[in-house]
Amino acid sequence: MRIHHLNCGTSCPWGGRLFDGQSRGLVHGHIVCHCLLIETDRGLVLVDTGFGRKDVARHERLAGFFRALNQPQLRERETAAAQIRALGFDPGDVRHIVVTHLDFDHAGGLEDFPNATVHLTAREKEVADAQQGGPFVGVRRYRPGQWDEVKDWSLYPMGRGEPWFGFDCVRDLAGLPPEILLVPLAGHTWGHSGVAIDTGSGWLMYVGDAYFHHGEIGQEVRHCPPGMRFYQWMMEVDRSARLGNQQRLRQLSLDHAGEVTLFCAHDRTEFERQAPLSRAVPRSLTRRAA
Ligand SMILES: [Zn+2]
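Now for a look at the structure at hand. If you're wondering where the values come from, they're calculated on a predicted model, not measured in any experiment. (Residues numbered from 1 in each chain as written. Predicted model: local features only at pLDDT ≥ 70, side-chain atom pairs only at ≥ 80, totals over all residues. Heavy atoms only, no water.)

Under the definition given, this model contains 14 salt bridges. Put simply, Arg61 and Asp55 hold a salt bridge, and the shortest N to O gap is 2.9 Å. Residue Arg61 shares its accessibility class with Asp55, and that shared class is buried. Notably, a salt bridge pairs Glu236 with Arg239, separated by 3.4 Å at the nearest N-O pair. (Salt bridge = Lys/Arg side-chain N within 4 Å of Asp/Glu carboxyl O. Buried < 20%, exposed > 50% of the residue type's maximum accessible area, 1.4 Å probe, protein only.)

Written out as structure tokens, the structure is:
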């Protein structure tokens, strides 16, 4: 198994340092859409898709509210499809996509991979189709046009799974290698989950949007810049589930630091730690946000 870390969507949200805790100014922040491409003996597996080619072609696929707030850069070369081609593969060879949830910044690339089965929790598919993700953001976060052409879904129940470091997980994802697990982590959305990967030399735990900033794990006391704190509050559907799962992840990061490496979808520091040679973060944006 070989794992590639891809940034499938740079965004420059308003607030700068107040949003991401590290940009120099207070105008534009800098966040990523951290996705994974896994080479397996069952073909290519993509974990989350960021923004897709159709989002780049038609910005109105995304809600105006989030385009204005998050300032997604929507560049063709940052799409998973373009980066997979740049790695020498064909997007048609992506057989499976595991998606943490169906928010617009995770599901945008689903239709760029017509031969893929899409794996996620049944609950997430149900609430996303109904656009039930909060009174104001529900119809803006979930954009069914991003997935209405997906032909093959593989849906899993939340809970009642096998244990994984104290979490429930789904171990047997249909057609996927047993090293890839789905770990339900509700709170940000009703059917949100993380993806755990046994690399053979430790676990990678991709938590999606279960937390947003690297300071939220790895230490007893949570640190999160005010902008990201606000964004998480605005997007949550179940506060106690979200904070409870975040606490469990923080504890996992402390108790099993040598065994499990956690990272989330949007933290630039974690992405650069995992993918130091990645060409996916445009230099101009890095300079602006440095
Ligand atoms: Zn997100």
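Further remarks concern the environment of Phe113. In this structure, Phe113 sits in the loop between α5 (104–107) and β5 (117–121). Relative accessible area serves as the criterion here: at 2%, Phe113 is assigned to the buried category. Counting along the chain gives 17 residues from Phe113 to His96, while the straight-line C-alpha distance between them is 8.9 Å. Excluding anything up to four places from it in sequence, Phe113 contacts Leu46, Ala80, Ala81, Ile84, Pro91, Val94 and Ile97. (Helix = DSSP H or I, 4+ residues; strand = E, 2+ residues; numbered from the N terminus. Contact = heavy atoms within 4.5 Å.)

A separate point is the layout of surface pockets. Its boundaries defined by the atoms lining it, the second largest pocket holds a volume of some 190 Å³. What lines the second largest pocket is His214, Ile217, Gly218, Ser253, Ala257, Val260, Thr261, Leu262, Glu270, Arg273 and Gln274. Residue assignment for the lining of the second largest pocket shows that the elements contributing at least two residues are β12 (260–263) and α10 (268–274). Residue composition of the lining of the second largest pocket, by class: 4 nonpolar, 5 polar and 2 charged. (1 Å grid on protein atoms, 1.4 Å probe; cavity = no way out; pocket = protein on both sides within 12 Å on 5 of 7 lines; lining within 4 Å. Points joined across faces, edges and corners; volume = space filled by probe spheres on them. Nonpolar A, V, L, I, M, F, W, Y, C, P; charged D, E, K, R; others polar.)

This part covers the environment of Arg58. Positionally, Arg58 belongs in the loop between α2 (53–57) and α3 (64–70). We classify Arg58 as partly exposed; its relative accessible area is 42%. Through-space distance from the C-alpha of Arg58 to that of Leu74 is 9.7 Å; in sequence the pair is 16 residues apart.

Attention now moves to the side chain of Asp105. Tracing the chain through its elements places Asp105 in helix α5. Within the buried set, Asp105 has no salt-bridge partner at all; the shortest N-O distance to an opposite charge, 7.5 Å, is to Arg141. Of note is the side chain of Asp105, whose polar atom sits 3.0 Å from the side chain of His266. Every residue in contact with Asp105, bar those within four places of it in the chain, is listed here: Cys33, Gly50, Phe51 and His266. (Lys, Arg positive; Asp, Glu negative; His and termini not counted. Polar contact = N/O pair within 3.5 Å; in protein donor to acceptor, adjacent residues only side chain to side chain.)

The next point concerns the sheet that holds strand β4 (residues 94–98). Ordered by their spatial adjacency, 6 strands build an open sheet running β1-β2-β3-β4-β5-β6, and the pairing between neighbours is mixed. Single-partner strands in this sheet number two, and they are β1 (2–7) and β6 (153–156). Within this sheet the neighbouring strands show an average axis-to-axis angle of 20 degrees, counted without direction. Sheet topology note: the β1/strand β2 (residues 34–40) ladder contains 6 bridges and is antiparallel. (Pairing = 2+ DSSP bridges. Axes fitted to C-alpha atoms, helices over the stretch in contact; angles between N-to-C directions.)

A few words on helix α6 (residues 122–129). For α6, the set of buried residues is Glu124, Lys125, Val127 and Ala128. In this fold, the buried residues of α6 make contact with β5 and β6. Looking at the residues trailing α6, positive phi occurs at Gln131, about 55 degrees.

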